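Fold and contact review
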Amino acid sequence: MTQFNFRFQKILELKENEKGFAQIQMADAIKKEEAGHQKSRAITDKLVEAEHLKIQKQQGGVNVGELRKLEMYINQLQEQSMITNRELEFLQGNVTRTQNQLQQKAQEEKTWGNLKEQELSRFQEEKKVQEQNFFDELASTRFYRTSQAITAERG
């Protein structure tokens, strides 16, 4: 009995590998996005803390030089926050892009997998027909021999 041999097996394996690679890329993009969110939260926390400190110092009375330094620090944090937000937008776009690639690769793999399943079903049906024909032939041969034997006995 012959075994099923999918003629496009190499393509199916390639599609499976591409899907796995796309999964790795998406996981990496998600990790980078999460790191970007953490960086943004850290900057926001520093900004809130610095503004709170500024208010305390203004109420408590402080010299103008120290207040200016604090104001410059706050401005620097605001700039970092804007830069980080732009980076986050890029990272979110990257996650979306890798997610779309993963969906495409998964669809391609599914298409080739379905083709394999269809060919396997066709192969199994052909084998069933061949097997049935073989048994039908055996039964016909047996019937013929039996009828010949009966005819010879009567004969």
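This text goes with the structure placed above it.
We now turn to the structure provided with this report. Just so it is clear, the structure is predicted and the values come from calculations on it, not from any experiment.

Comments concerning the overall build of the protein
From N to C terminus, the protein includes two helices and zero strands. Its C-alpha radius of gyration of 37 Å places the protein more than 25% over the 15 Å reference for a compact globule of 155 residues. When the backbone C-alpha atoms are referred to their principal axes, the protein occupies close to 135 × 25 × 15 Å. Counting across all 155 residues of the protein, residues that qualify as buried make up 17%.

Focus: the packing of aromatic side chains
Within the structure shown, the criterion is met by four aromatic pairs. For the ring pair F4 and F123, a centre distance of 5.5 Å and an interplane angle of 55° mean the geometry is tilted. A residue pair is termed long-range when its members are at least 10 positions apart, and F4 in the segment before α1 (9–60) and F123 in helix α2 (residues 64–154) qualify at 119 residues. Classification of F4 as partly exposed rests on a relative accessible area of 25%. An angle of 65° between the planes, with centres 5.6 Å apart, marks the rings of F134 and F135 as edge-to-face. Judged by its relative accessible area of 43%, F135 falls in the partly exposed class.

Cut-offs applied
Residues numbered from 1 in each chain as written. Predicted model: local features only at pLDDT ≥ 70, side-chain atom pairs only at ≥ 80, totals over all residues. Heavy atoms only, no water. Helix = DSSP H or I, 4+ residues; strand = E, 2+ residues; numbered from the N terminus. Rg over C-alpha atoms; globule rule 2.2 N^0.38 Å. Buried < 20%, exposed > 50% of the residue type's maximum accessible area, 1.4 Å probe, protein only. Phe/Tyr/Trp six-rings, centres within 6.5 Å; stacked < 30°, edge-to-face > 60°.

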